[in-house]
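Close look at the chain arrangement
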Number of protein chains: 2
Amino acid sequence: MTHAVTYEHIKTCKQTGARLGIVHTPHGSFETPAFMPVGTQATVKTMSPEELKAMNAGIILSNTYHLWLRPGNDVIREAGGLHKFMNWDRPILTDSGGFQVFSLSEFRNIKEEGVHFRNHMNGDKLFLSPEKAMQIQNDLGSDIMMAFDECPPYPATHEYMKSSVERTSRWAERCLEAHARPQDQGLFGIIQGGEYEDLRRQSAEDLVALDFPGYAIGGLSVGEPKDVMNRALEFTTPFMPFDKPRYLMGVGSPDSLIDGSIRGIDMFDCVLPTRIARNGTLMTSTGRLNLKNAKFKRDFTPIDEKCTCYTCTNYTRAYVHHLLRADETFGIRLTSYHNLHFLLNLMEQVRQAIREDRLGDFREEFFEAYGFNKPNAKNF
Amino acid sequence: MTHAVTYEHIKTCKQTGARLGIVHTPHGSFETPAFMPVGTQATVKTMSPEELKAMNAGIILSNTYHLWLRPGNDVIREAGGLHKFMNWDRPILTDSGGFQVFSLSEFRNIKEEGVHFRNHMNGDKLFLSPEKAMQIQNDLGSDIMMAFDECPPYPATHEYMKSSVERTSRWAERCLEAHARPQDQGLFGIIQGGEYEDLRRQSAEDLVALDFPGYAIGGLSVGEPKDVMNRALEFTTPFMPFDKPRYLMGVGSPDSLIDGSIRGIDMFDCVLPTRIARNGTLMTSTGRLNLKNAKFKRDFTPIDEKCTCYTCTNYTRAYVHHLLRADETFGIRLTSYHNLHFLLNLMEQVRQAIREDRLGDFREEFFEAYGFNKPNAKNF
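Residues numbered from 1 in each chain as written. Chains lettered and ligands numbered in written order. Predicted model: local features only at pLDDT ≥ 70, side-chain atom pairs only at ≥ 80, totals over all residues. Heavy atoms only, no water.

Describing the pattern of salt bridges
Close approach of charged atoms allows side chains with opposite charge to pair. Residue and element names in this part refer to chain A. We count it as follows: Just to be clear on terms, a salt bridge is a Lys or Arg side-chain nitrogen sitting within 4 Å of an Asp or Glu carboxyl oxygen. Counting from the N terminus, the helices are the DSSP runs of H or I reaching at least four residues and the strands are the DSSP runs of E reaching at least two. Buried means the residue's accessible area, taken with a 1.4 Å probe over protein chains only, is under 20% of the maximum for its type, while exposed means over 50%, and partly exposed covers the values in between.
Applying the stated criterion to the full structure yields 54 salt bridges over all chains. R170 is the salt-bridge partner of E112, the closest N and O atoms lying 2.7 Å from each other. A residue pair is termed long-range when its members are at least 10 positions apart, and E112 in the loop between β7 (106–110) and β8 (115–118) and R170 in helix α7 (residues 158–178) qualify at 58 residues. Given a relative accessible area of 35%, E112 falls into the partly exposed group. The exposure class of R170 is partly exposed, given its relative accessible area of 38%. Taken together, the salt bridges that share partners define one network made up of E31, E348, R351 and R355.

Some thoughts on helix α14 (residues 329–355) of chain A
All names here are of chain A. Quick note on the threshold: The span you would expect from a helix comes to 1.5 Å times its residue count less one.
Taking 1.5 Å as the rise per residue, α14 with 27 residues should run 39 Å; its terminal C-alpha atoms sit 39 Å apart, in good agreement. With 22 of 27 residues buried, α14 lies mostly within the body of the structure. A positive backbone phi angle near 55° is found at D357, which sits one or two residues after α14.

Quick look at the sheet that holds strand β12 (residues 214–217) of chain A
Residue and element names in this part refer to chain A. Inclusion rule: Strand pairing requires that DSSP identify at least two bridges connecting the strands. A fitted line through C-alpha atoms represents every axis, and for helices the fit uses only the stretch in contact; the resulting angles, taken between N-to-C directions, go from 0 to 180 degrees. Throughout, a contact is declared for two residues whenever any of their heavy atoms are within 4.5 Å.
Pairing within the open sheet is parallel, and its eight strands lie in the order β4-β14-β13-β12-β11-β10-β6-β5. Lying at the two open borders of the sheet, with one neighbouring strand each, are β4 (34–36) and β5 (60–62). When the angles between neighbouring strand axes are averaged without regard to direction, this sheet yields 25°. Relative to strand β14 (residues 267–269), strand β13 (residues 246–248) is paired through two bridges, and the arrangement is parallel. Note on β14: the bridge partner recorded for L248 is F268. Strands in contact with helix α6 (residues 130–140) are β6 (92–94), β10 (144–146) and β11 (186–191); relative to β10, the strand with the most contacts, it is inclined by about 160°.

Side note on the packing of aromatic side chains
The line we're drawing: Two rings from Phe, Tyr or Trp (for Trp, the six-membered ring) form a pair when their centres sit within 6.5 Å of each other. Planes less than 30 degrees apart are called stacked, planes more than 60 degrees apart edge-to-face, and all others tilted. Comment: the charge-over-ring label is applied if NZ (Lys) or CZ (Arg) is within 6 Å of the ring centre and within 35 degrees of the ring normal.
According to the stated counting rule, one finds 32 aromatic pairs over all chains in the structure shown. Summarising the aromatic geometry, the rings of A:Y65 and A:F117 are spaced 6.1 Å apart at their centres and angled 35° between planes, so their arrangement reads as tilted. Here A:Y65, found in helix α2 (residues 64–69), pairs with A:F117, found in strand β8; they are 52 residues apart in sequence, far enough to count as distant. Residue classification places A:F117 among the buried positions, given a relative accessible area of 3%. Taken together, a centroid distance of 5.6 Å and an interplanar angle of 65° make the contact between A:Y310 and A:Y315 edge-to-face. Taking relative accessible area as the criterion, A:Y310 reaches 21% and is therefore assigned partly exposed. Pairwise contacts between aromatic rings join A:F85, B:Y310, B:Y315, B:Y319, B:F330 and B:Y337 into one cluster. The cationic tip of A:R19 hangs over the ring face of A:F242; the distance from NZ or CZ to the ring centre is 4.9 Å.

Side note on the domain arrangement of chain A
Residue and element names in this part refer to chain A. The criterion, for reference: These domain boundaries are the output of an automatic or database domain assignment. By definition, the buried area sums, over both parts, the 1.4 Å-probe accessible area that each loses when the two are put together. Any pair of N or O atoms that falls within 3.5 Å is considered a polar contact. Within protein, one atom must be able to donate a hydrogen and the other to accept it, and sequence-neighbouring residues count only if both atoms are side-chain atoms. Only Asp, Glu, Lys and Arg are considered charged in this grouping, and only Ala, Val, Leu, Ile, Met, Phe, Trp, Tyr, Cys and Pro are considered nonpolar; every other residue, Gly among them, is considered polar.
One can read the domain layout of chain A as domain 1 (6–271) and domain 2 (277–370). Relative to domain 2, the C-alpha centre of domain 1 lies at a distance of 27 Å. Across the boundary between the two partners, domain 1 contributes 34 residues, which contact 28 residues of domain 2. For the pairing of domain 1 and domain 2, the buried interface totals around 2600 Å² over both sides, and the portion due to carbon and sulfur atoms is 72%. Joining domain 1 to domain 2, the criterion identifies six salt bridges. A salt bridge links D259 to R363; the nearest nitrogen and oxygen atoms lie 2.5 Å apart. One can count 12 residue pairs in polar contact (both at pLDDT 80 or more) joining domain 1 with domain 2. Within the residue set of the side of domain 1 that touches domain 2, elements represented by two or more residues are β1 (6–12), β2 (19–25), β3 (28–32), β4, α1 (49–54) and α10 (254–262). Of all the elements, α10 adds the most residues to the side of domain 1 that touches domain 2, at seven residues. A class-by-class count of the residues in the side of domain 1 that touches domain 2 yields 18 nonpolar, eight polar and eight charged.

Listed below in structure tokens is the structure:
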């Protein structure tokens, strides 16, 4: 059958093997490698849809678990779907709720039929299953849906991970069965297996046999060292189809976006840029800074001299510092805008470097300027 | 001398006596009667300057007391003034800090030289005087500065009020003396006197003799009944010059904006629209509503069917209800935008009604639709 979501390959970087492409969806297309801003509760925190478009966001992510609990997938279905509800007409990807069940909920009980757990807000008993996750996402009407999987913690034993991967494969089949609108919404499978090469291969082969329109790599960026993540990508991607999009879930630090792209990843998402922005931490072309620091009180330069975003074009570090210190909402609007723009612009630079077959050189230049090459450089 | 701020009278409403005019300032002109959104800490809460322009805000107000304490008037002077600091190139009015000293601070000690008090944030000892209030506002570079006055609480005895009014007149003279940039910034005098007709007259005559470019009426909207306020306006405005702007401080409920305009007031300010917006309360053409109420969960209509603002054009009550319930910043952006637009649009309707000599009719229509004519109607 023809999938609702397809991948068009443009070229491969001769220096690194990174892929330049376009993902086509029912709500339009976006270039890859792409970073997806996260709009957990049907809004990318502090931002308007127009602002996201002005910074060239091609696709955003929203969270099934949160929307299921509030306002309820029935409300969003009645509104005409998530796009209409939140006034966003470009592509939307929704996760399956699985990750939140494992990271936010309490007293979870994993059975073959699904997961019993308690609502993290009010303690109510809840049940999420492959069928339920599909029904919610069908109601939301996202362009890209994610299969319901188990996300084991890191580290997990090989024995536990093997049984988990096998259950995730069985759940993936049930997701495909339950998916009511395959002509309107593309469903991606999620490859699990932790840091175990044989289990990543097993998971990938199981899922590829089911012919999803795209594949994600889950269970990374959960606390493992960066080289463990990079190695996992290297031994997993060879088992992923070349002609379908590859999505590395939950990754959004600048270094990992570049290193993931180099390893053939097309899509990324992370709350990092907006979360750290609300705490005053900004990503710049020369590394990160915390604008709440007293030294910025009289700094009348932009956050980043090289940045062309709304914040850097119109405001000084001193003004944003003042707004953050005064707990003014406009402060976190300005910092969120800047950080999202920074990562979206970084991905545009990555795509340009692929076009020019110099992503390896770009990586060296960026890492040097940002400070990732310093001893004790922190990861984000 | 030629004042930095002047009033151009366009016409008087034949039905009510309300004034249509234009106030000219160093940063441009605005039509009156005008409502001024309040940007206490160099930002109108949750809004961008571009959004304020899109809703036709002609002038905003900012608070001397807050900016003096944070980030400090020296920082704003070094930034090139408040307009540049906050990226707002239209007129700005700053108050004198007097009202906040009396409403926010503790342990205040009023002497002839000024007021000793403690910082409401950290308890530090502070001193504000006519000279200090002028110096701060000269540093801020506002188009309209306010004289430093005493704001007695309501009710106050005639005896206390009389001595207070006399001190305010002496302080007003010192303000004029201390004002360092009269060619760049217009200084308004503030008429006090509470509900006492003789004292309002005395205060007005004292200040008018000093030839300020504009006059405010202070000490109203501080808890007195609405008819007390209206009466005070009626017996005060006859002593105010016809050819200078008249500003009623701290007033922003829709009924008071209309009733003040009818009594010859040109300028108003209030935190009401943004403050209630953050609590989910919206002003609409058919009265107010609280969007947090459960009944709006599945209401897929705009906040106000008759409204043309960004919020009402693009979003439903159900969506904004969801954002407010979920504590999402975008929710208070949307409600703040709507309420500010509502009052700015109301003032445009008031000006149009003056042009057409039918502000009395407009008042009746508006009050009826909004519900002010109902028994037990609440104020705003």
